[in-house]
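# Topology and contacts: notes
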Amino acid sequence: MREEERIQNGWLFDPADAELVRLKERAHNLNRVYNSLADSDEARQECLEKLLGKIGKNCLLQGPVYFHYGIHTQIGDSFFASFNFTVQDDAAVTIGNNCDFGPNVTIVTPVHPMLPQERRAMRKPNGDVRQLCYALPVRIGNDCWICANTVVCSGVTIGDGCVIGAGSVVVHDIPAHSFAAGNPCRVIRPITQEETLANKKEIFAGCSLL
């Protein structure tokens, strides 16, 4: 069985497997190419299409970006990520439409053993002794705002319409339409129509809601 299949099944896998190393090296090279291009360079879109499993329409990733595999990440339409977007996508990472990410947002999917002897080495089915880990997918719904310096950890699902406060460490699922923050991240309150900017007339200065 290929190590890619083991990842997809949520099983222990060997990150040093030759196929996985090639996939990571390809992604890391494309990261460097992308990060070398100007924001306005049309070649950026072509680079993202090579790098990622899926990239939607009208997306802007400010850069620099750091994807571990790239091909395990799927991003919907109208996505924005500020500086230093980092995705350790050993397992699948799925991001919906109309999401905005602040600077230094990190998504991590791998899980390493807690016991040091297990981190050092385990035995593969073929008898080889290697450093093994496993990974769990991350899913982020539509219309989410993930604020600066947030870390989204393995296995987490963030529902549609959520706002995650700056500096949060998200280790549990967040239900849709929630404002959540903290370390560990917890739901502060539901997001309702009472959050409307219509209640802050002093900031409009000639602007208006649609």
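Residues numbered from 1 in each chain as written. Predicted model: local features only at pLDDT ≥ 70, side-chain atom pairs only at ≥ 80, totals over all residues. Heavy atoms only, no water.

## A look at the environment of G141
Positionally, G141 belongs in the loop between β14 (138–140) and β15 (145–146). Taking the relative accessible area as the measure of exposure, G141 reaches 13% and is therefore buried. Separated by 35 residues in sequence, G141 and A176 have C-alpha atoms that sit 8.2 Å apart. Not counting the four nearest positions on each side in its chain, G141 is found in contact with G96, C99, I158, G159 and D160. (Helix = DSSP H or I, 4+ residues; strand = E, 2+ residues; numbered from the N terminus. Buried < 20%, exposed > 50% of the residue type's maximum accessible area, 1.4 Å probe, protein only. Contact = heavy atoms within 4.5 Å.)

## Side note on helix α2 (residues 18–36)
Helix length check: α2 (19 residues) gives 27 Å between terminal C-alpha atoms against 27 Å at 1.5 Å per residue, within 8%. Of all the positions in α2, only L20, K24, A27, L30, N31 and Y34 are classed as buried. Taken down its axis, α2 places every buried residue within 125° of arc, on the same side. Opposite its buried face, α2 presents the exposed residues R22, R32 and S36, each directed more than 90 degrees away. Those residues of α2 that are buried are in contact with α1 (3–8), α3 (43–51), β2 (60–61) and β3 (65–67). Put simply, D17 is the residue that caps the front of α2, since its side-chain oxygen is 3.1 Å from the backbone nitrogen of E19. (Expected span 1.5 Å × (residues − 1). Arc of directions from axis to C-beta. Polar contact = N/O pair within 3.5 Å; in protein donor to acceptor, adjacent residues only side chain to side chain.)

## A look at the pattern of salt bridges
Scanning the model with the defined rule gives eight salt bridges in all. Close ionic contact of E195 with R189 constitutes a salt bridge, the shortest N to O distance being 2.9 Å. Overall, R189 belongs to the partly exposed group, its relative accessible area being 37%. Each of the salt bridges in this network shares a partner with another, and the network as a whole consists of E3, D14, K124, D128 and R130. (Salt bridge = Lys/Arg side-chain N within 4 Å of Asp/Glu carboxyl O.)

## A few points about a nonpolar patch on the surface
Nonpolar side chains collect at one region of the surface, where L12, Y134 and L136 lie side by side and expose about 210 Å² of accessible area between them. Judged by its relative accessible area of 31%, Y134 falls in the partly exposed class. (Patch = residues over 30% accessible without salt bridge, like charges linked within 9 Å, V, L, I, M, F, W, Y side chains within 5 Å. Areas by Shrake-Rupley, 256 points an atom, 1.4 Å probe, with all protein chains shown as cover.)

## What about the UniProt feature "domain: Maltose/galactoside acetyltransferase" (unreviewed entry) in the chain?
Within this numbering scheme, the UniProt entry marks residues 4–57 as carrying the feature "domain: Maltose/galactoside acetyltransferase" (unreviewed entry). Its end C-alpha atoms 28 Å apart, residues 4–57 is made of 61% helix and 4% strand. (UniProt positions renumbered as here; feature names shortened; annotations may be inferred.)

## Quick notes on the packing of aromatic side chains
The relative placement of two aromatic rings is captured by the distance of their centres and the angle of their planes. By the definition in use, this model includes four aromatic pairs. Ring geometry for F67 against F85: centres 5.7 Å apart, planes inclined by 90°, an arrangement best described as edge-to-face. Note that F67 is positioned in strand β3 and F85 in strand β6 (residues 85–88), a separation of 18 residues in sequence. A residue is classified by how much of its surface remains accessible, and F85, at 2% relative accessible area, is buried. Ring plane angle 50° and centroid distance 5.7 Å describe the contact between F79 and F85, whose orientation is recorded as tilted. When sorted by exposure, F79 lands in the same class as F85, which is buried. Pairwise contacts between aromatic rings join F67, F79, F85 and F101 into one cluster. Sitting over the face of the ring of Y34, R44 holds its NZ or CZ atom 4.2 Å from the ring centroid. (Phe/Tyr/Trp six-rings, centres within 6.5 Å; stacked < 30°, edge-to-face > 60°. Lys NZ or Arg CZ within 6 Å of the ring centre and 35° of its normal.)

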